[in-house]
Amino acid sequence: MKVLVSDPLSPEGVALLEKYHQVDQITGLNETQLIDLIGGYDALVVRSGTKVTAEVIDAGKNLKVIGRAGVGVDNIDLERATARGIIVLNAPEGNTISAAEHAIAMLTSLARNIPAADAALKGGRWERGRFMGVELNQKTLGIIGLGRIGSEVAKRARALGMIILAYDPYIAAEQAEKIGVTPVTLDLLLSQADFITLHLPCNKQTYHLIGAEELAMMKPEVHLVNCARGGLIDEDALYEALLEEKVAGAALDVFEHEPPLESPLLKHPRVIATPHLGASTKEAQVNVAVQVAEQVVFALRGDPVVSAVNMPSMLPEVMAEIKPFLPLMRLLGGLYFQLYGGRIEEIELYYGGAVAEYPVAPLTTACLIGLFSHILGEQVNFVNAPHIARSRGVRVRESISKNIENFTNLVVLTVSAGGEKQTIAGTIFNRSDIRIVRIGGYHIEVIPSPFMLLCTYIDKPGVIGRVGTFLGHNQINIAGMQVGRRSIGGEAVMALQVDDQITPELLDQLAKLEGVLTARFIHLQDRELFSKD
């Protein structure tokens, strides 16, 4: 088979590919040139410099796999590749150690004022008294995000004698303790840590996670490190905190807008800045090249791959049987997270009726995809979802029963954490009509919709009317509604399908209406769930 490498790749990665396949390394191709060439290749290996558009993918008539030597795949049209049945894979672990070491380097540089001291001496000034530092030994390090890189930072910080607190709502407490850190709330971490380092993706939930309010909670002698993603820290708020001496120093490798050449942070004397160097080591470049080359080789010979970022192929006969249930499983996982969120210790899935006759492992994986896709700022798929659960210390259990009452098939998802359990159940009518039939302790029949409002309320006259009037007053149309209750006059639940998104401000107002207990807006983005094809 033939492999095209269109961006610079380390000799080690190229050599591994050449061991099994014919390899052409042609760099500097524009889109038109790539379209002209790609039809003759079975695999394409790129870095960030090549844009793999839908047109390129369509021109790749023999294309079976696209490998990205690195982590981000935003230069590849994933949707089109998936539609064409092309595996897209990356090298997510190749730069883990380099990124962790860079964070530690930034940490020690902050503690001992190394960049400023170096600049002063090279400028002809011997100023020992000006650069008084602090020891890391017995200082408290707060790690926000305990994934691959955060865990490696924790190991190295422990060796430096640091006391480590960690905040990651999606990591089980037992897993955190295995790493040797103490899991705490974000507020406690912010108020107790001498040093804080961030290691999490930037998404809607984490954007400006550290803002003016959070900075005000920190010790005035705190040192802040961000080698993860730009946008996690409100840079304007950080600059103000530095000016007001509410923060002792900051070390930044990433910025919300790069390059940040006009940022006032670059001119502040207590800021250390590097130009996104977390993965810029010789070893990391070799590691990502070898990892992606190895996975491309596996994919081309039909072996399992561990770093696919889209759905790999399944046996046709298995897919035909389970395909109608896959949207339901992703819905259960995604709906749980949007309703309850938080830490997860155990996931139990009960399969009843006709669905129990099928292989349930792929269905369980589909549920994990729905759940973890909301948690992580990266692609979650059939290959890596079970690994993600294991790495986060999440126990997954399955049970089946072919004999059930009231339904032809039934799937019940129960999630446990902190001694509490939450349950959501769903079913399929006629192999295509999905319904949510239980939410918590309420039996209900909810028709999934892209935009939904879920309210718990006191079952008494006028409450539903107030909710409807409020939505109408705010120009939000109700397309449908279902209700469920435990007892007359007790707590009940209403699910409303609406035509527009509901802002957090409106949700807060809704929750304050007389008789309303809680209000949650649900945004379901699974295209297959609402496809009529």
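Coordinates for the structure precede this section.
(A) Here's a closer look at the environment of Val153. Positionally, Val153 belongs in helix H7 (residues 148-159). Accessibility expressed as a relative area gives 1% for Val153, which makes it buried. With 53 residues separating them along the chain, Val153 and Ala100 place their C-alpha atoms 5.1 Å apart. For Val153, the contacting residues outside a window of four places in its chain are Ala100, Ala103, Ile104, Leu141, Ile143, Thr197 and His199.

(B) Region of interest: the sheet that holds strand S9 (residues 195-198). Reading across the sheet, the seven strands line up as S8-S7-S6-S9-S10-S11-S12 and stay open at both edges, with parallel pairing between neighbours. On the outer flanks of this sheet lie strand S8 (182-183) and strand S12 (271-273), each paired with one strand and no other. Direction of pairing for S9 relative to strand S10 (residues 223-226): parallel, over a ladder of four bridges. Looking at S10, one finds that Leu198 is bridged to Asn226.

(C) Representation of the packing of aromatic side chains in the model. Tallying each qualifying case throughout the model produces four aromatic pairs. Pairing Tyr336 with Tyr340 gives two aromatic rings, centres 5.3 Å apart and planes at 40°, and the pair type is tilted. With relative accessibility at 31%, the residue Tyr340 sits in the partly exposed group. Geometry around Tyr41 places Lys2 over its ring, the cationic atom sitting 4.8 Å from the centre. In this arrangement the basic side chain of Arg486 is found over the ring face of Tyr442, its NZ or CZ atom lying 4.3 Å from the centre.

(D) Looking closely at the pairing of strand S15 (residues 409-417). Burial runs high along S15: nine of the nine residues are buried. The two faces of S15 match: Asn409, Val411, Leu413, Val415 and Ala417 on one face and Leu410, Val412, Thr414 and Ser416 on the other face are all buried. Relative to S15, strand S13 (residues 346-353) runs antiparallel, the two being bridged by eight bridges. What sits directly across from Ile347, in S15, is Val415. Between S15 and strand S16 (residues 420-429), which follow one another and run antiparallel, lie two residues, and Gly418 among them has a positive phi close to 60°.

(E) Representation of the pattern of salt bridges within the structure. With the rule as written, the count across this model stands at 18 salt bridges. Residue Arg156 is joined to Glu152 by a salt bridge in which the shortest nitrogen-to-oxygen separation is 2.7 Å. Remark: Glu152 and Arg156 occur in helix H7; sequence separation between them is four residues, near one turn of the helix. Accessibility expressed as a relative area gives 17% for Glu152, which makes it buried.

(F) The arrangement of the nonpolar core in detail. Within the largest apolar cluster, 52 residues are counted, with the highest numbers of intra-cluster contacts made by Met329, Ile347 and Phe372. At nine residues, helix H14 (residues 326-339) tops the list of elements feeding residues into this core. Setting aside residues no more than four positions away along its own chain, Ile347 makes contact with Leu368, Leu371, Val394, Arg395, Val396, Arg397, Leu413, Thr414 and Val415. In terms of nonpolar packing, the next biggest core, distinct from the first, is built from 29 residues, Ile196, Leu215, Ala228 and Leu252 among them.

(G) Examining the sheet that holds strand S17 (residues 433-439) more closely. Taking strand neighbours across the sheet as the criterion, the six strands line up as S14-S13-S15-S16-S17-S18 in an open arrangement whose pairing is mixed. Unpaired on one side and paired on the other, strand S14 (395-401) and strand S18 (442-446) mark the two borders of the sheet. Going from strand to strand, the sheet's axes swing by 20° on average, the running direction of each strand aside. Where S17 meets S18, three bridges bridge the pair, whose relative direction is antiparallel. Bridge assignment links Ile439 to a residue of S18, and that residue is Tyr442. On top of the sheet, helix H15 (residues 361-375) reaches S13, S14 and S15; it is set at about 135° to S13, its chief contact.

(H) Inspection of the environment of Met1 at higher detail. Residue placement: Met1 occurs in the segment before strand S1 (2-5). Each residue touching Met1, except ones within four places of it in the same chain, is listed here: His21, Gln22, Asp42, Lys64 and Leu300.

(I) Local environment of the packing of helix H1 (residues 11-18) against helix H12 (residues 282-300). Running from N to C, H1 and H12 point in directions that differ by 15°, and their axes come no closer than 7 Å. It follows from the interaxial angle that H1 and H12 lie roughly parallel. Crossing angle aside, the handedness with which H1 passes H12 is right-handed. Contact with H1, carried on its side by Glu12, Gly13, Leu16 and Leu17, involves Val286, Ala289, Val290, Ala293, Glu294, Val296 and Val297 of H12 and no other residues of that element. Residue composition of the contact of H1 with H12, grouped by class: eight nonpolar, one polar and two charged.

(J) Structural detail: the side chain of Arg47. By the element assignment, Arg47 lies in the loop between strand S3 (43-46) and helix H3 (54-59). Despite its burial, Arg47 remains without a salt bridge, the nearest opposite charge being carried by Asp7 at 6.6 Å. At 2.4 Å, the side chain of Arg47 and the side chain of Gln285 are in polar contact. In this structure, Arg47 is in contact with Asp7, Pro8, Leu9, Arg68, Ala69, Asn75, Gln285 and Val288, ignoring residues within four places of it in sequence.

(K) View of a nonpolar patch on the surface. Side chains of Ile464, Ile478, Met481 and Val483 sit close together on the surface and give an oily, nonpolar patch of about 290 Å² of accessible area. With three residues, the top contributor of residues to the nonpolar patch is strand S20 (residues 478-485). Within the secondary structure layout, Ile464 lies in helix H17 (residues 463-473). The class of Ile464 is partly exposed, set by a relative accessible area of 31%.

Basis of the calculations
Residues numbered from 1 in each chain as written. Predicted model: local features only at pLDDT ≥ 70, side-chain atom pairs only at ≥ 80, totals over all residues. Heavy atoms only, no water. Helix = DSSP H or I, 4+ residues; strand = E, 2+ residues; numbered from the N terminus. Buried < 20%, exposed > 50% of the residue type's maximum accessible area, 1.4 Å probe, protein only. Contact = heavy atoms within 4.5 Å. Pairing = 2+ DSSP bridges. Phe/Tyr/Trp six-rings, centres within 6.5 Å; stacked < 30°, edge-to-face > 60°. Lys NZ or Arg CZ within 6 Å of the ring centre and 35° of its normal. Salt bridge = Lys/Arg side-chain N within 4 Å of Asp/Glu carboxyl O. Core = buried A, V, L, I, M, F, W, Y, C linked by side-chain atoms within 4.5 Å. Axes fitted to C-alpha atoms, helices over the stretch in contact; angles between N-to-C directions. Parallel < 35°, antiparallel > 145°, perpendicular 65-115°, else oblique. Left-handed = near helix turned anticlockwise from the far one by under 90°. Nonpolar A, V, L, I, M, F, W, Y, C, P; charged D, E, K, R; others polar. Lys, Arg positive; Asp, Glu negative; His and termini not counted. Polar contact = N/O pair within 3.5 Å; in protein donor to acceptor, adjacent residues only side chain to side chain. Patch = residues over 30% accessible without salt bridge, like charges linked within 9 Å, V, L, I, M, F, W, Y side chains within 5 Å. Areas by Shrake-Rupley, 256 points an atom, 1.4 Å probe, with all protein chains shown as cover.

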